[in-house]
Amino acid sequence: MERKRIKLTDVLAIGAHPDDVEIGMGGAIATWAAHEIQVHIVDLTEGEMSSNGTVETRRIEASRAAEVLGATRENAQFPDRGLQNVRTEALAFLVELIRTQRPKAVFAPFPHDRHPDHAHASSLVKEAVFSAGIQKFAPDAGRSIKGVSLYYYMINGFHNPDFVVDIGSSYEKKKQSLLAYTTQFGESSDVQTPLTYGYLEALEGRDRLMGKEVGLTFAEGFLTEKPLLFSMDMVRGGQG
């Protein structure tokens, strides 16, 4: 399949399944898009092993959710529950993607998650960000790029974040993007799963708690493997 590719972007948000990035960073994506930051979402699989919905309905839902958030989107169409079996192909795809779009930052699922696909996706993205900077790795996949920041968003569970993003102004858009997945979270879900039993309520609680920790209404938490650079703006100026 020939994949249409956005040439340049500011942020790449990569998930194993459609709805992963909405869960973990939908508010941040909407906030950045409102400030004309280009965000491109990449789903590695079509979620075809999901208990509810079909590939066709998931495609429609994912497209609607991206539109709500103000992001572009593509699907790599690797096998759901099979990322570990296509590592070579998936790594090559991601390296070319990063080199082509040349983002400032790449976001991936936090690896310590109950769903193995999220961990596999996280590992692939980490390898791809590293390998994209080595010109001798897949030299035909475009010009190497260094200095790309890698951050992790949370899907399942609660982890102490390294930093948070204020999503108070965009929380309604995050909710709308999640509700676009009617087969996963809505009344049209036929099979009861962890997503259909209080998941959105728990997610809102997490975002409220993240916000409360820093004096905000809602926030999304992120993690990084590298120290964050201290900014002089954190201490510059007085109180009046």
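None of the values given here were measured: they were computed from a predicted structure.

(A) Region of the structure containing the packing of helix H1 (residues 20-34) against helix H5 (residues 171-179). In contact at an axis separation of 8 Å, H1 and H5 are set at 135° when each is read in the N-to-C sense. When the interaxial angle is binned, H1 and H5 end up oblique. Here H1 and H5 pass one another in a crossing that is right-handed. Facing Glu22, Ile23, Gly26, Gly27 and Ala30 of H1, the residues of H5 in contact are Lys173, Lys174, Ser177 and Leu178. Classifying every residue of the contact of H1 with H5 gives three nonpolar, three polar and three charged.

(B) Expanded view of the pattern of salt bridges. Evaluated as defined, the whole model comprises eleven salt bridges. Two residues, Glu22 and Arg73, come together in a salt bridge whose shortest N-O distance is 2.7 Å. Of the two residues, Glu22 is situated in helix H1 and Arg73 in strand S3 (residues 72-78); the sequence distance between them amounts to 51 residues. With a shortest N-O distance of 2.7 Å, Asp43 and Arg73 are connected by a salt bridge. Of this pair, Asp43 sits in strand S2 (residues 39-45) while Arg73 is found in strand S3, placing the two residues 30 residues apart along the sequence. Of the two residues examined, Asp43 and Arg73, each falls in the buried class. Each of Glu22, Asp43 and Arg73 takes part in salt bridges that share partners, so that together they form one network.

(C) Structural view of the nonpolar core. If you look at the biggest cluster of nonpolar residues, it comprises 33 residues, and the most contacted ones within it are Ile14, Leu44, Phe93, Leu94, Ile98, Val106 and Val125. Within the residue set of this core, elements represented by two or more residues are strand S1 (11-15), S2, S3, helix H3 (87-101), strand S4 (105-109), helix H4 (116-131), strand S5 (149-153) and strand S7 (219-223). Here this core takes seven residues from H3, the largest share from any one element. Residues contacting Val106, with those up to four places away along its chain left out, are Leu12, Ile14, Val125, Val129, Val148, Ser149, Leu150 and Tyr151. Val11, Ile23, Leu69 and Tyr153 belong to the second-largest nonpolar core, a separate cluster that totals 32 residues.

Calculation rules
- Residues numbered from 1 in each chain as written.
- Predicted model: local features only at pLDDT ≥ 70, side-chain atom pairs only at ≥ 80, totals over all residues.
- Heavy atoms only, no water.
- Axes fitted to C-alpha atoms, helices over the stretch in contact; angles between N-to-C directions.
- Helix = DSSP H or I, 4+ residues; strand = E, 2+ residues; numbered from the N terminus.
- Parallel < 35°, antiparallel > 145°, perpendicular 65-115°, else oblique.
- Left-handed = near helix turned anticlockwise from the far one by under 90°.
- Contact = heavy atoms within 4.5 Å.
- Nonpolar A, V, L, I, M, F, W, Y, C, P; charged D, E, K, R; others polar.
- Salt bridge = Lys/Arg side-chain N within 4 Å of Asp/Glu carboxyl O.
- Buried < 20%, exposed > 50% of the residue type's maximum accessible area, 1.4 Å probe, protein only.
- Core = buried A, V, L, I, M, F, W, Y, C linked by side-chain atoms within 4.5 Å.

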